[in-house]
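Per-entry structural report
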Amino acid sequence: LAAAARAVKDSLCQLSNLLPAARAAEDVLQAIAAGSAQLANLASHTVSGSFTELQIALSECAAGLNTSVSNLLLGARGGGNMLVDAAKQLSADFQALMNAAAGVAAATADAKDQAELVAHTESIVVAISQLMSNTKSIVTEMPASGHANLAQAAKAVGDAINSLVIACASSIPGQKECETAFQAVQIAGNSLDNLRPLASYSSFFACQEAVQSAAVPLSQAITALTSQLKRNQPES
């Protein structure tokens with residue numbers, strides 16, 4: 001009797017795997033495996049556009065994938081073609097994000113920043129894989145906790161996507177230098193707020209001339225920074 005029951009269960013599972021929604025979920029899992037391979041071969045990835053343009057593209061792809069994840073949750077409750085369409089769109093948006101993330105990582109000169117971007121992208125791969133495994137489970141096995149597990153997996157995907165976007169913003173060329181300059185400005189501001197008498201053997205006019213001389217390269221640096229920011233500003 002037990003063997004017969006197992007045979008019936010196995011047969012039902014095989015039939016369930018033939019359902020359109022189950023096949024769509026399996027297609028996404030295969031796309032995930034193919035997309036993650038891009039991260040292992042960044043050297044051959046073609047980079048087109050400035051880093052700012054790549055960052056904007058990644059943010060747009062991230063927003064699209066977040067939307068697809070939400071639609072997948074709705075599709076899992078609606079079932080049928082609604083779930084199939086949501087899974088197909090998620091697959092396309094996932095592939096777009098993988099391509100955008102690979103582009104940003106390949107364009108990142110700093111090895112540490114690049115490794116961090118790859119790690120965050122790999123976290124998305126793991127989270128999406130879990131999401132689609134739960135989706136397939138809902139279709140084929142219909143567990144009691146299926147939708148709760150799916151919602152938890154969807155949240156993990158959202159968290160992983162947000163972490164990637166934040167890491168991308170932190171890896172912008174010049175970002176660390178800007179942070180260092182900002183800290184220097186804060187330190188100088190604190191020094192001016194807490195002035196103490198300093199021993200000086202120079203006259204007032206000598207000190208004034210020294211300040212004016214030091215202000216020239218500072219002014220030039222600010223002008224150069226402003227010009228560079230304008231050049232990097234994408235056209236609307």
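Provided above is the structure to which this section pertains.
As the structure is a computational prediction, the values presented were derived from the model and not from experiment. (Residues numbered from 1 in each chain as written. Predicted model: local features only at pLDDT ≥ 70, side-chain atom pairs only at ≥ 80, totals over all residues. Heavy atoms only, no water.)

1. Section: the overall build of the chain
Spelled out, the test is: Numbering of helices and strands runs from the N terminus; a helix is a DSSP stretch of H or I covering at least four residues, while a strand is a stretch of E covering at least two. The buried label goes to any residue with under 20% of its type's maximum accessible area, the exposed label to any with over 50%, and the partly exposed label to all in between, with areas taken from a 1.4 Å probe on protein chains only. Residues count as neighbours in contact if any of their non-hydrogen atoms are within 4.5 Å of one another. Here the accessible surface of atoms and residues is derived via Shrake-Rupley with a 1.4 Å probe, and residues count as covered only by protein chains that are part of the display.
What the chain contains, in helices and strands, is eight helices and zero strands. Seen in sequence order, the chain has helices and strands lined up from the N terminus as α-α-α-α-α-α-α-α. A buried classification covers 29% of the 236 residues belonging to the chain. When contacts within the chain are restricted to residue pairs at least 6 apart in sequence, long-range pairs at least 24 apart make up 78% of them. Here the chain has roughly 14700 Å² of accessible surface; of this, 59% comes from carbon and sulfur atoms.

2. Focus: the environment of Gln-95
Looking at the secondary structure, you find Gln-95 in helix 4 (residues 80-107). A relative accessible area of 39% means that Gln-95 is categorised as partly exposed. Placed 57 residues apart in sequence, Gln-95 and Gln-38 show a C-alpha to C-alpha distance of 10.0 Å.

3. Some points on helix 5 (residues 111-140)
Put simply, the test is: What a helix is expected to span follows from its residue count: subtract one and scale by 1.5 Å. Here a polar contact is taken to be a pair of N or O atoms separated by no more than 3.5 Å, where protein atoms must pair a possible hydrogen donor with a possible acceptor and residues adjacent in sequence count only if both atoms sit in side chains.
Its 30 residues place the ends of helix 5 43 Å apart at the C-alpha level, agreeing with the 44 Å of an ideal helix rising 1.5 Å per residue. At the N-terminal end of helix 5, a side-chain oxygen is found 3.0 Å from the backbone nitrogen of Lys-112, two or three residues along, and the residue is Asp-110.

4. Observations regarding the nonpolar core
Grouped burial of nonpolar side chains is what soluble globular proteins tend to show. As a reminder of what qualifies: Residues enter a nonpolar core if they are buried and are Ala, Val, Leu, Ile, Met, Phe, Trp, Tyr or Cys, with the set joined through side-chain atoms within 4.5 Å.
Core analysis: the largest hydrophobic core is formed by 48 residues, its most contacted members being Leu-90, Leu-97, Ile-124, Ile-128, Leu-131 and Met-132. Going through the elements one at a time, helix 2 (20-36), helix 3 (51-78), helix 4, helix 5 and helix 6 (146-170) are the ones with two or more residues in this core. Looking at which element gives the most residues to this core, the answer is helix 4, with 13 residues.

Structural measurements only, silent on function.
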